[in-house]
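# Working through the structure, step by step
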Amino acid sequence: MEFLKKNRLLYWTIEFLLLAMLILVLSTLSFIFEPIGIFIRTIFLPLIVAGFLYYLLHPVVVFLEKHFHFKHLLAVAITFFVFIVILISVFVIFVPQLIAQISNMLGSLPKFVDDMRNMTDSWVKSKWFKQLYQDVKISNIQKQISKYSSTFLKMSLSSLGNIASFLTTFTINIITIPIMLFYMLADGDKFIPFINRFIFPSRSKEVNDLAARMNNTISRYIDGQFIEGIFVMFFITCGYLIIRQPFAPLLGIFAGLCVLIPYLGPFISIIPSLLIALTVSGQQVLAVLVVVLIVSQLDGNLIYPNVIGRNLKIHPLTIIIILLSAGNIWGLIGIILGVPIYAVLRTLCIFFYNLYQLRKGKDLSVEHLLAEERSNRKKKRDNLSSEKREENNK
């Protein structure tokens, strides 16, 4: 063992081989792990949604307990009841209109495809196109357009066959998510005392500090994403209604959901709007671009820095990798939820790593961390001053 510890290459080679053997053995036990995978896939979405709603509603519970001196269960019951009433009101008022918008869009797909085909034909037959691409055969382009248009319609019609299974899953989630949310609000405060009682009874203050920072990070991120999504959804919808963009509410909701996708969200949200605007007029395309540009500037310079900021410090390369992998695994849902789920899991991993550090005896209290940060800043200043002195001497 001493020889292996000294020879790092051999040590890590053996570690990776053991890990590969473990994965190979576990892959042969599919009859054991397949039911576990089905169970995780079944509860994954309800658990994530209930967790997001918990961090949205938990500050309301704390506010009622602190300012109105309600008991915990009473504050949870009031918050949960008001949330359910608001949710039912939203469903009663907006969902029928949303369903009507989706039906109208699906009904207008053939007309939309014909408009795109006619517009492309007019472009192909124009003088500037013929001068630019003299060797392009117009018939081939028209065949490709017809081919992709028919494929698009077939995909749209085939997706309608999954409505029954979607409605079944949606109904089950609608029932289970509120139940999970209620128990999270009622018993969520018992998690940290459980850790203190059974794992770190002598470091309860440090564990409470770590838990408070973890909750603050996750709550700030989720609340910020919610506020930013509502802001973009509302103002994009209002802008589209002003310029009389078809399907304005549906496109506004889509833009609000795309806010969850960093960097790529605004580009993805504008694609269907531009395609629909192309079938109206060139002025409509320009109006859509102006609306999206104004809302993006307000969001990027006003909402995002003040509401979310750079709280999680996720590297852009990491975000791109998450978007690619989650999109290939779960499609559009993975693209929308990939980064938020990663942000939450990353914060939880940091939290448990800090608990591990506590178990090793390292001081992670707020006072110690602040003192350590001041010491690091002082070292940086000393290094900079020494470098400046060396440059002056040279």
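Note: the structure precedes this text.
The structure contained in this document is the topic of the report that follows. Fair warning: this is a prediction, and the values are worked out from it, not measured in the lab.

### Section: the overall build of the protein chain
For the protein chain, the count of helices and strands is 16 helices and zero strands. Counting across all 394 residues of the protein chain, residues that qualify as buried make up 30%. For the protein chain, the exposed area adds up to about 26800 Å²; of that, 69% sits on carbon and sulfur atoms.

### Looking at the packing of helix α3 (residues 30-67) against helix α10 (residues 204-242)
The interhelical angle for the contact between α3 and α10, taken along N-to-C directions, is 100°, at an axis separation of 9 Å. In terms of orientation, α3 lies roughly perpendicular with respect to α10. In contact with F52, Y55, L56 and P59 of α3, α10 contributes M214, N215, I218, S219, I222, D223 and F226. Split by residue class, the contact of α3 with α10 holds eight nonpolar, two polar and one charged.

### A closer look at the packing of aromatic side chains
Enumeration over the complete set of coordinates arrives at seven aromatic pairs. Considering the side-chain rings of F234 and F235, the 5.2 Å spacing of their centres and the 90° angle between planes classify their relative orientation as edge-to-face. Members of the aromatic cluster, connected to one another through ring pairs, are F63, F68 and F70.

### Observations concerning helix α9 (residues 191-198)
For α9, the full list of buried residues reads I192, I195 and N196. Looking straight down α9, one finds its buried side chains confined to an arc of 95°; they lie on one side. Counted as exposed and oriented over 90 degrees from the buried face of α9: R197 and F198.

### Things to note about the environment of F226
Following the sequence through the fold, F226 ends up in helix α10. Classification of F226 as partly exposed rests on a relative accessible area of 45%. Taking C-alpha positions, F226 is 9.5 Å from L257, a pair spaced 31 residues apart along the chain.

### Thoughts on the nonpolar core
Residues L181, L185, I222, V339, F351 and L355 are the most contacted members of the largest nonpolar core, which totals 40 residues. Sorting the residues of this core by element identifies α3, α4 (72-107), α8 (163-187), α9, α10, α14 (316-330) and α15 (332-359) as the ones contributing at least two each. Per-element accounting of this core gives the leading share, nine residues, to α15. For V339, the residues in contact, after removing those within four places along its chain, are Y221, L260, P262, I314, I319, I322 and L323. Ranked by size, the runner-up nonpolar core spans 21 residues in total, among them I236, I243, A248 and V291.

Thresholds applied
- Residues numbered from 1 in each chain as written.
- Predicted model: local features only at pLDDT ≥ 70, side-chain atom pairs only at ≥ 80, totals over all residues.
- Heavy atoms only, no water.
- Helix = DSSP H or I, 4+ residues; strand = E, 2+ residues; numbered from the N terminus.
- Buried < 20%, exposed > 50% of the residue type's maximum accessible area, 1.4 Å probe, protein only.
- Areas by Shrake-Rupley, 256 points an atom, 1.4 Å probe, with all protein chains shown as cover.
- Axes fitted to C-alpha atoms, helices over the stretch in contact; angles between N-to-C directions.
- Parallel < 35°, antiparallel > 145°, perpendicular 65-115°, else oblique.
- Contact = heavy atoms within 4.5 Å.
- Nonpolar A, V, L, I, M, F, W, Y, C, P; charged D, E, K, R; others polar.
- Phe/Tyr/Trp six-rings, centres within 6.5 Å; stacked < 30°, edge-to-face > 60°.
- Arc of directions from axis to C-beta.
- Core = buried A, V, L, I, M, F, W, Y, C linked by side-chain atoms within 4.5 Å.

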